[in-house]
Amino acid sequence: MAILVMRPFPDNEATAAALREAGYGVLLSPALRFEPIAIRDEPDAHYNAVIVTSANALRGIVGQPLLERLRETKVFAVGDATAQAARAFGFRDVESASGDAVALCELVEARLRGSGRICYLAGADLSRDLGTDLGTCGYNVTTLTTYRMTPLVHFSEAVEAAFGAGDVEAVLHYSRRSAQSFVGAVKAAGLEISALALPQCCISDVVAAVLREAGASRVLAAASPDENAIFETLYRAIPVKRRAAKSGKG
């Protein structure tokens, strides 16, 4: 029996390790594939701050001169995990909004007070355009699209076999696009009835809405947009002790 983790690589590896340590079996099925995008850099551009909502935005500039140029610039990150990733990439002055896009905008406003040039490192598909949001507040925002996430079309044979054998206990969803990818793969495999009947643990209400709209009957949204909170939804849906008892009977 296993928890199906739809989070993309490489973040899914840390998620899998944490779940195994907690006593769960894990099956990885990255819903999206990371692809860096070549950007048109302005070598003479000076920024007062950098904003990031995903570690992937930083991965997209690895090996490029831009990364070296920005390392001394203040970074505002949407959450603690993204802030930690920024530090790992060599940024020295990093502050986390510990929340969502709204919290990030509020943090920028509190620190920069309506003025300054901001570099927004972003993905190709935005659920919310922070460049526009901050631009209306008086900031000069340069949005650099550094990566795209290509959706999964079909599950692997191993994942389809696990669904067929009833070995998937719950599914973890970390973004709206990955949830959409999951729904598409479920329909392609003809697994709507069995897969959508499982507990769907989502990192936010926005993500949960995708599963509810698709017809999932057991959708749980995390209390806050972070991994600890999504794990709490899983613990409620499938407590480790209950899972161990079920596995023992098999």
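Residues numbered from 1 in each chain as written. Predicted model: local features only at pLDDT ≥ 70, side-chain atom pairs only at ≥ 80, totals over all residues. Heavy atoms only, no water.

- Within an unreviewed UniProt entry, the label attached to the protein reads Uroporphyrinogen-III synthase, and the organism entered is Afipia felis.
- What the UniProt record of the protein gives under Catalytic activity (unreviewed entry) is the line "hydroxymethylbilane = uroporphyrinogen III + H2O". (UniProt positions renumbered as here; feature names shortened; annotations may be inferred.)

1. Description of the overall build of the protein
Then, number 1: Helix and strand counts for the protein come out as twelve helices and eleven strands.
Then, number 2: At 19 Å, the protein has a C-alpha radius of gyration in line with the 18 Å of a compact globule built from 250 residues.
Then, number 3: Summarising its shape, the C-alpha atoms of the protein cover approximately 65 × 30 × 30 Å along the three principal directions.
Then, number 4: Relative to its 250 residues, the protein shows a buried fraction of 49%.
Then, number 5: Across the protein, contacts joining residues at least 24 apart in sequence account for 65% of those joining residues at least 6 apart.
Then, number 6: Surface exposure of the protein reaches about 11900 Å², of which carbon and sulfur atoms provide 50%.
Then, number 7: Taken together, the 26 basic and 28 acidic charged side chains of the protein have centroids lying 3 Å from each other. (Helix = DSSP H or I, 4+ residues; strand = E, 2+ residues; numbered from the N terminus. Rg over C-alpha atoms; globule rule 2.2 N^0.38 Å. Buried < 20%, exposed > 50% of the residue type's maximum accessible area, 1.4 Å probe, protein only. Contact = heavy atoms within 4.5 Å. Areas by Shrake-Rupley, 256 points an atom, 1.4 Å probe, with all protein chains shown as cover. Lys, Arg positive; Asp, Glu negative; His and termini not counted. Charge placed at Lys NZ, Arg CZ, Asp CG, Glu CD.)

2. Looking at the nonpolar core
Then, number 1: Counting residues in each nonpolar core, the largest one holds 71 residues, and the members touching the most others are Leu121, Phe163 and Phe182.
Then, number 2: When near neighbours in sequence (up to four residues on either side) are disregarded, Leu121 contacts Val50, Ile51, Val52, Ala57, Leu58, Ile61, Leu66, Leu70, Leu144 and Thr146.
Then, number 3: Counting 19 residues, the second-largest nonpolar core is a separate cluster that includes Leu107, Ile118, Tyr120 and Leu134. (Core = buried A, V, L, I, M, F, W, Y, C linked by side-chain atoms within 4.5 Å.)

3. Some thoughts on the sheet that holds strand β1 (residues 2–5)
Then, number 1: Reading across from one edge, β2-β1-β9-β10-β11 is the order of the five strands in this open sheet, with parallel pairing throughout. Both outer strands of the open sheet, β2 (26–28) and β11 (218–221), are each paired with one neighbouring strand and no more. Averaged over neighbouring strand pairs, the angle between their axes works out to 25° when direction is ignored.
Then, number 2: Pairing of strand β10 (residues 199–202) with β11, which is carried by four bridges, proceeds in the parallel orientation. (Pairing = 2+ DSSP bridges. Axes fitted to C-alpha atoms, helices over the stretch in contact; angles between N-to-C directions.)

4. Comments concerning the domain arrangement of the protein
How big an interface is tends to be stated in terms of the accessible area lost upon association of its parts.
Then, number 1: The domain boundaries assigned to the protein delineate domain 1 (2–31 + 152–237) and domain 2 (34–150).
Then, number 2: Here the C-alpha centre of domain 2 lies 28 Å away from the C-alpha centre of domain 1.
Then, number 3: Tallying the contact residues gives eight residues for domain 1 and seven residues for domain 2.
Then, number 4: Interface area, domain 1 with domain 2, both sides summed: about 610 Å², of which 46% is carbon and sulfur. (Domains from an automatic or database assignment. Buried area = accessible area lost by both parts, 1.4 Å probe.)

5. Concerning the pairing of β1
Then, number 1: Here β1 shows a buried face lined by Ala2 and Leu4 and a second buried face lined by Ile3 and Val5.
Then, number 2: Following the backbone out of β1, through helix α1 (residues 11–22) and into the adjacent parallel β2, one traces a crossover that is right-handed. (Right-handed = clockwise from strand over helix to strand, strands pointing away.)

6. Looking at the layout of surface pockets
Then, number 1: Its volume calculated, the largest pocket comes out at about 1800 Å³.
Then, number 2: Contributing to the lining of the largest pocket are 50 residues, with Thr53, Ser54, Val78, Tyr174 and Ser175 lying nearest its centre.
Then, number 3: The dominant element in the lining of the largest pocket, judged by the number of residues it contributes, is helix α4 (residues 80–88), at five residues.
Then, number 4: Residue composition of the lining of the largest pocket, by class: 23 nonpolar, 14 polar and 13 charged.
Then, number 5: Taken domain by domain, the makeup of the lining of the largest pocket includes at least three residues from each of domain 1 (2–31 + 152–237) and domain 2 (34–150). (1 Å grid on protein atoms, 1.4 Å probe; cavity = no way out; pocket = protein on both sides within 12 Å on 5 of 7 lines; lining within 4 Å. Points joined across faces, edges and corners; volume = space filled by probe spheres on them. Nonpolar A, V, L, I, M, F, W, Y, C, P; charged D, E, K, R; others polar.)

7. Let's talk about unusual backbone geometry
Most peptide bonds take the trans form, and the phi angle of most residues other than glycine is negative.
Then, number 1: The amide bond that connects Phe9 to the next residue, Pro10, takes the cis arrangement and shows omega of 5°.
Then, number 2: In this fold, Pro10 is placed in the loop between β1 and α1.
Then, number 3: Its identity is not glycine, yet Ser98 carries a phi of approximately 50°, on the positive side.

8. Side note on the pairing of strand β8 (residues 140–151)
Then, number 1: Where strand β3 (residues 32–36) and β8 come together, five bridges link them in antiparallel fashion. Bridge pairing in β8 places Glu35 opposite Arg148.

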